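So the chains spell out like this:
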Amino acid sequence: MDTEGWIRPTEATQPFFDGAKLGVLRLQHCRTCDGSMYPIKTRCQHCGSTELDWQDSKGTGTVYAHAKLHRQYHPRHQGRLPLVIA
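The model shown is predicted, which means the values in this text are computed figures rather than measured ones. Counting starts from 1 at the beginning of each chain's written sequence and moves along it residue by residue. With pLDDT at 70 or above as the cut-off, local features in this predicted model cover only qualifying residues; side-chain atom pairs require 80 or more to be listed or tallied, and sums for whole chains, interfaces and linings still use all residues. To obtain the side-chain values, all non-hydrogen atoms of the structure were included, while hydrogens and water were left out.

Student: In this structure, what is going on with the environment of tryptophan 54? I would like to understand it.
Tutor: Helical segments are the DSSP runs of H or I of at least four residues, strand segments are the runs of E of at least two, and each set is numbered from the N terminus. Looking at the secondary structure, you find tryptophan 54 in strand E3 (residues 52-56). For tryptophan 54, a relative accessible area of 22% gives the class partly exposed. Once the C-alpha coordinates of tryptophan 54 and histidine 29 are considered, the two residues, 25 residues apart in sequence, prove to be 5.3 Å apart. Only heavy atoms matter for contacts: two residues are in contact if any of them lie within 4.5 Å across the pair. Not counting residues within four places of it along the chain, the set of residues in contact with tryptophan 54 comprises Ala12, Pro15, Phe16, Arg26, Leu27, Gln28, His29 and Ile40. Only protein chains enter the accessibility calculation, which uses a 1.4 Å probe; a residue is then buried when its area is under 20% of its type maximum, exposed when over 50%, and partly exposed in between.

See below:
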């Protein structure tokens, strides 16, 4: 994390953050079983393959739960409230 509490991209997570800058949700993808996953892994959580790449999400999905954070529990939330978590 940097001094403001933001997560810094690593080499492994850079594709996710590059997509976020473009407004795209980018997920790790298994070329063997066509599964998608996040957070990132070194092996597919579905079949165990190491043949992984990144793909942009289709932009559709279902939100099963959400919350609105009103209280600052961590310094990185300062100036960002309320914050919706879904």
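Student: Sorry if this is basic, but what is going on with unusual backbone geometry here?
Tutor: In terms of backbone geometry, most residues other than glycine have negative phi values and most peptide bonds are trans. Of note, the amide linkage connecting tyrosine 38 to proline 39 takes the cis form, showing an omega dihedral of 10°. Along the polypeptide, proline 39 turns up in the loop between strand E2 (36-37) and E3. Residues leucine 81 and proline 82 are joined by a peptide bond in cis, for which omega reads -5°. Within the secondary structure, proline 82 is located in the loop between strand E4 (67-69) and strand E5 (83-85).

Student: Looking at this structure, how should I read the sheet that holds E3?
Tutor: Within a sheet, each strand pairs with its neighbour through backbone hydrogen bonds, oriented either parallel or antiparallel. If you walk across this open sheet you meet the three strands as E2-E1-E3, and the pairing is antiparallel. Looking at strand neighbours, the two that pair on one side only are E2 and E3, the edges of this open sheet. Relative to E3, strand E1 (residues 26-30) runs antiparallel, the two being bridged by five bridges. If you follow glutamine 28 over to E3, its bridge partner there is tryptophan 54. Orientation is described by lines fitted to C-alpha atoms, with helices fitted over the stretch in contact, and by angles between N-to-C directions that extend from 0 to 180 degrees. Helix H1 (residues 14-21) contacts E1 and E3 of the sheet and is inclined by roughly 140° relative to E1. Note: two strands are recorded as paired if DSSP finds a minimum of 2 bridges between them.

Student: Sorry, what's going on with the pattern of salt bridges here?
Tutor: For side chains bearing opposite charge, pairing can occur when the charged atoms are close. Each salt bridge in this description consists of a side-chain nitrogen of Lys or Arg and a carboxyl oxygen of Asp or Glu lying within 4 Å of one another. Scanning all chains against the criterion turns up three salt bridges. Where aspartate 56 meets arginine 26, a salt bridge forms, and the shortest distance between an N and an O atom there is 2.7 Å. Remark: arginine 26 occurs in strand E1 and aspartate 56 occurs in strand E3; sequence separation between them is 30 residues. By relative accessible area, which is 45% here, aspartate 56 ends up partly exposed.

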